[in-house]
Amino acid sequence: MTSDDIPIGRRVASWRVRRQMTQQMLADRLRRSKSWVDKIERGVRPLDRYSVIQDLAHVLRVDPEVLLGQPRSTPAGTPDGVDDIRAALARYDTPQAPPEMDELRRQVGYAWLTYQHAHYGQLVRVLPGLLDAVQGARSAELLVQAYRITSSLLVKLGEADLAWLAADRAMSAAHDDPILAATAAVSVGQALRASGRDRLALAATLAAANRVRPQRSAGEWAVGGTLLLQAALAAAGCGEHHRADELTDRAAGVAANLRGYDDQYRTSFAPIAVELTRVLVAVSRGDAAEAVRRHPAIVRREAWRRLPAEYRGAYLVDAARAYLQVGDLRGAARALVDADSVAPAEVRCRPLARTVIADVARAQPAPAGVARLATLVGLTR
């Protein structure tokens, strides 16, 4: 059992013993009864008020996060360094001696893994140098990949216009290569949706999806399926809900025909991605009850656990929005806490997540996990 799996009452008991206190001593310092402490430690009484957890932590001389089993490991707020990425995108001169191609491929692969593990602060520091290197190497494949990573990260950080610039650079770098252009179009669609231009995103992703003619690999099918999912989300954003369902169904047909591929184009496309999109489309059209109905079964699947941390964390923030729409504050809190456990930067660095946290934290009393997150991201004093 990991520390995160230990019930909070057992953590309280462990720290009480470590501080050489009896239950009565702890109760006296909290101005509570010994029976109350005993019930907390045995899990008979729920400990779901952050203010109470703070009182316990103060007496036990530990941080509240230690009792919650989720010590702060990721700083809150947008990582510093976006201006350095902007400067790298603005440079048109190239370095004199770019790294060897094998080393550059390794660096791009490392950047992808950093993104998929949602280590956004680390990626912000890596990208300016990587962009300089790939611009000097002039490899269309590596340029498209680096610009796609950059665009995806900037969407996360709320820099939609700069994300669109990076996606457009990816499209230009693809030249006449149809599969590179298709992968770049995924980023174009994401950036346009992030900037509220769903109609343009729909046109761009649907046109790109219709141009994909998979002949060589399942990976190309996956790119086409991903474009259909992006088009479905854009259609939902435009209010074209019937069309969104049709596009999602088309993507489901593509996913059903996929048989094991290595995801060389970094799409994470699979049947589980289609199911997640159905939830997001339902949220977009205001049918949160349908989204909440689908959600629990999805996150119990083995395929869910195989998705990148970034993907799962982003989805869980959207699931919290669905729970919020149906008035289930505890469900919203659970989704946010789960997102923070899976991918802390998704919750602590993204402006979108801060908005959802603020909405849930307004409840009185705020659920303990969300009250803690609100404090971490600076939404409470």
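A short tour of the structure in this document, coming up.

**Considering the packing of helix α16 (residues 288-299) against helix α18 (residues 309-325)**
The interhelical angle for the contact between α16 and α18, taken along N-to-C directions, is 135 degrees, at an axis separation of 9 Å. Relative to α18, the element α16 lies oblique. Where α16 crosses over α18, the handedness of that crossing is left-handed. Along its contact with α16, which presents Ala288, Ala291, Val292, His295, Pro296, Ile298 and Val299, the element α18 presents Tyr315, Leu316, Ala319, Ala322, Tyr323 and Gln325. Per-class residue counts for the contact of α16 with α18 are 11 nonpolar, 2 polar and no charged.

**Things to note about the packing of helix α2 (residues 23-30) against helix α3 (residues 34-42)**
The contact between α2 and α3 brings their axes to 8 Å, and the two run at 110 degrees. In terms of orientation, α2 lies roughly perpendicular with respect to α3. As α2 packs across α3, the resulting crossing turns out to be right-handed. Listed contacts from α3 to Gln23, Gln24, Leu26, Ala27 and Leu30 of α2 are Lys34, Trp36, Val37, Asp38 and Glu41.

**Regarding the packing of aromatic side chains**
Under the counting rule described, the total for this entry stands at 3 aromatic pairs. Between the aromatic rings of Trp112 and Tyr115, the centroid separation amounts to 6.5 Å while the plane-to-plane angle is 75 degrees, which identifies the pairing as edge-to-face. Here Trp112 pairs with Tyr115, and both are found in helix α7 (residues 101-116), just 3 residues apart, close to one helical turn. There is no split in this pair, since Trp112 and Tyr115 are both buried. Ring plane angle 70 degrees and centroid distance 5.5 Å describe the contact between Trp304 and Tyr315, whose orientation is recorded as edge-to-face. Of this pair, Trp304 sits in helix α17 (residues 302-306) while Tyr315 sits in helix α18, and the two are 11 residues apart along the sequence. Cluster of aromatic residues (ring-pair linked, three or more members): Trp112, Tyr115 and Tyr120. Here the guanidinium or amino end of Arg18 rests over the ring plane of Trp15, the centre of that ring lying 4.0 Å away.

**Overview of the nonpolar core**
Leu227, Leu247, Phe269, Tyr315, Leu336 and Ile357 are the most contacted members of the largest nonpolar core, which totals 71 residues. In terms of residues, this core owes the most to one element, helix α13 (residues 218-237), which gives 11 residues. If sequence neighbours within four positions are ignored, Phe269 has contacts with Ala222, Gly225, Thr226, Leu229, Ala251, Val254, Ala255, Leu258, Tyr261 and Val274. One finds Leu89, Trp112, Leu143 and Ala181 within the second-largest nonpolar core, a separate group that totals 42 residues.

Analysis parameters
Residues numbered from 1 in each chain as written. Predicted model: local features only at pLDDT ≥ 70, side-chain atom pairs only at ≥ 80, totals over all residues. Heavy atoms only, no water. Axes fitted to C-alpha atoms, helices over the stretch in contact; angles between N-to-C directions. Helix = DSSP H or I, 4+ residues; strand = E, 2+ residues; numbered from the N terminus. Parallel < 35°, antiparallel > 145°, perpendicular 65-115°, else oblique. Left-handed = near helix turned anticlockwise from the far one by under 90°. Contact = heavy atoms within 4.5 Å. Nonpolar A, V, L, I, M, F, W, Y, C, P; charged D, E, K, R; others polar. Phe/Tyr/Trp six-rings, centres within 6.5 Å; stacked < 30°, edge-to-face > 60°. Buried < 20%, exposed > 50% of the residue type's maximum accessible area, 1.4 Å probe, protein only. Lys NZ or Arg CZ within 6 Å of the ring centre and 35° of its normal. Core = buried A, V, L, I, M, F, W, Y, C linked by side-chain atoms within 4.5 Å.

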